[in-house]
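# Chain and residue survey
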Amino acid sequence: MSSYTAKDITVLEGLEPVRKRPGMYIGGVGAAGLHHLVWEVLDNSVDEAMNGFASQITVTLHADGASITVVDDGRGIPVDKHPQTGKSALEVIFTVLHAGGKFEQGNYKTAGGLHGVGASVVNALSRSLVAKVRRDGAEWEMSFRQGRPVAPLSKVGPARGSGTTVTFHPDATIFPKVEFDAETIRERLEVVSYIHKGVKVTFENEVARTKVVYHHQEGLADYLAKIIRERSAKPVHEAAFVLNRESGPRLDLVLQWTESTDEHIRSYVNGIPTGSGGTHENGLRAGLGKAVRNYIDTHGLSPKGVTLTAEDIREGLTGVLSLFIEEPQFQGQTKDRLNNPEVLSAVDSAVRPALEHWLNHNRTVAESIVARIILSARAREASRAAQAEVTRKTATTGRLTLPGKLSDCANSNREDTELFIVEGDSAGGSAKQGRDRARQAILPLRGKVMNTEGMTLAKVLENKELSDLVTALGCGMGKTFDASRLRYGRIIILADADSDGHHIATLLLTFIYRHLPHLIADGRIYLAQPPLYRIDVGKETWWALDDAHRDRLLKQHGQGRSKPEITRFKGLGEMMPKVLWETTLNPKTRRLLRVEISDQIVTDRVINELMGKDASARFRFIMDRAEEARELDV
Ligand code: 0RA
């Protein structure tokens, strides 16, 4: 131990800046910073696998929920003495900032951004860290506390094979909360297994006592298949376009067109998700656009009367792009947009010839894709024409041809008005009589609203209920959406408080989420909360939204002399107009839930999973969202 005193001091000095200002190295000391430590250690093993030396990585979340072990079967961190310092290579890697590159130029570290700062940062910010290495027939071990060696590197016994094991426990004097989130780690490991095909990635969760193994021979192609399944999108062609480029910066890409209306591209740089896109995604769009246009032009497939836009070409396109570059620069508030300018042309010039070649050698597939693109252009033109018609009529007569069943309001100042979308004719009737005619419009929906999930825009527009809704709103949809034309300040879904009502509300929300997402983003979509029970006690009346609310009210008000009388409403239709006004429509007494979307990928998945399954699952989705939504007294 005594021979370590002097070194302790230099080590302390070496890693002190990291402990003083952890934010500079890992972005912060919150949950994201804490998990950065895992990505750091994981990245080293992933690099070893990327270079072809490791094929298995296991990450263990220990039972305390606060410590992690990462094992790989790579070459093992070198343990030989560094000639200048007299320290082992392992010790240098764990105690000197940015030490990695000194050992193998440009090879040891390829990951970048916040993650590339190395094992020494993790060590500096850990209460304890133990590194074990197996190589040349022996096992070696070295332990650290807060970045300082506890004892010299020592041989602990014989060993077979090779590899590295790192166990660390983050320092609670640095991180206010040392508790890892298993789901965050699991998700990351799953993505790693797709990006690095063939690597067997295991997650052992000792907290939940679960273990998952991810192993994908087809890499991104397997990932794409999963995304398409989750989104319940229907592919337009069988096999996906796959590009794996090893020369220059490593680039992997898979693309597949689907019948879904939107474009869905996920991108990664050095294995880090780039949720806000950036120059690599722009390069992809440029190359893809040129390849498809070239194919269409050289085969004389250009449609007459419509011009194809870049958005037409990408409608329904689903894909994953993964890129590895030496020095990525990330931008934006969440640092998840790639900003390296040289990447744009690099990706563009990699994608264009490869995709064009693929189209030319898969003519049947190419023709289905082109047909899909032309269809989206025609649908766009059709909805633009419909929009123009509305505009023309508004301009000449000052009024729109509104759907016949809409009971419009008199007030024309948008922000003062509300549109209630009401399930069923009889409920529509009560609402019509009970409303404030000046400010509240009623649109009853007759038939069942259809499930629009995974449908093309053209199909959606064929549905009378939905096209009436779009006409009443006045703002168009999809690419012709124009928020300034919206005719109402609030759009309120009014459905029965039962499971049928929840089903209808879900279908409407799904439609709005996919085709009128701006209305949600702008906070214009609400759920009304009609009561399920009426409680009369003597001369007083209360309304309860659900069973729990009823029980609460009974506890509060039902203990007096008169016996409470409880009426359960079968549906909105049987509610007297005056009662509907008092409980649900009157801005002074009602309660509305504003619909908000917090996480787009999660919502995408939730909607896809729920549409087509049982009604109670949909019910939970709505109620969960509703609870997240801000409750307003408006
Ligand atoms: C530097 C050089 C060599 C391997 C590694 C680092 C290495 C680091 C880590 C970190 C986690 N797992 C790792 N596996 C390997 C090459 C050594 C040689 O030439 O044998």
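Up top is the structure.
The present account deals with the structure reproduced in this document. (Residues numbered from 1 in each chain as written. Predicted model: local features only at pLDDT ≥ 70, side-chain atom pairs only at ≥ 80, totals over all residues. Heavy atoms only, no water.)

Turning our attention to the sheet that holds strand β13 (residues 272-273). Pairing is mixed across the open sheet formed by five strands, whose spatial order is β10-β11-β14-β12-β13. Looking along the sheet, the strands with just one partner apiece sit at the ends: β10 (241-245) and β13. Summarising the sheet, strand β12 (residues 264-269) and β13 pair through two bridges and their orientation is antiparallel. By the bridge assignment for β13, Val 269 is matched with Ile 272. The strands that helix α7 (residues 220-230) touches are β10, β11 (250-257), β12 and β14 (317-324); relative to β14, the one it contacts most, it runs at about 145°. (Pairing = 2+ DSSP bridges. Helix = DSSP H or I, 4+ residues; strand = E, 2+ residues; numbered from the N terminus. Contact = heavy atoms within 4.5 Å. Axes fitted to C-alpha atoms, helices over the stretch in contact; angles between N-to-C directions.)

With respect to the helices and strands, Asp 171 occurs in the loop between β7 (163-170) and α6 (182-195). Using a relative accessible area of 2% as the deciding quantity, one classes Asp 171 as buried. A distance of 2.9 Å separates the side chain of Asp 171 from the side chain of Thr 173, its partner in a polar contact. Those residues in contact with Asp 171 that lie beyond four places of it in its chain are Arg 19, Leu 125, Ser 126, Arg 127, Gln 146 and Val 178. (Buried < 20%, exposed > 50% of the residue type's maximum accessible area, 1.4 Å probe, protein only. Polar contact = N/O pair within 3.5 Å; in protein donor to acceptor, adjacent residues only side chain to side chain.)

The residue Ala 208 is located in the loop between β8 (200-205) and β9 (210-214) in this model. Taking the relative accessible area as the measure of exposure, Ala 208 reaches 46% and is therefore partly exposed.

Turning to the sheet that holds strand β22 (residues 540-544), a few remarks are in order. With antiparallel pairing, the three strands of this open sheet are ordered in space as β22-β21-β23. Two strands close off the open sheet at either side, each with one partner strand: β22 and β23 (565-568). On average, each strand axis in the sheet is inclined to that of its neighbour by 20°, with strand direction left out of account. Judged from the four bridges that link them, strand β21 (residues 533-537) and β23 form a sheet pairing that is antiparallel. In the sheet register, Asp 536 faces β23, and the bridge partner there is Glu 565. Here helix α17 (residues 547-557) sits on the sheet in contact with β21, β22 and β23, set at roughly 155° to β22.

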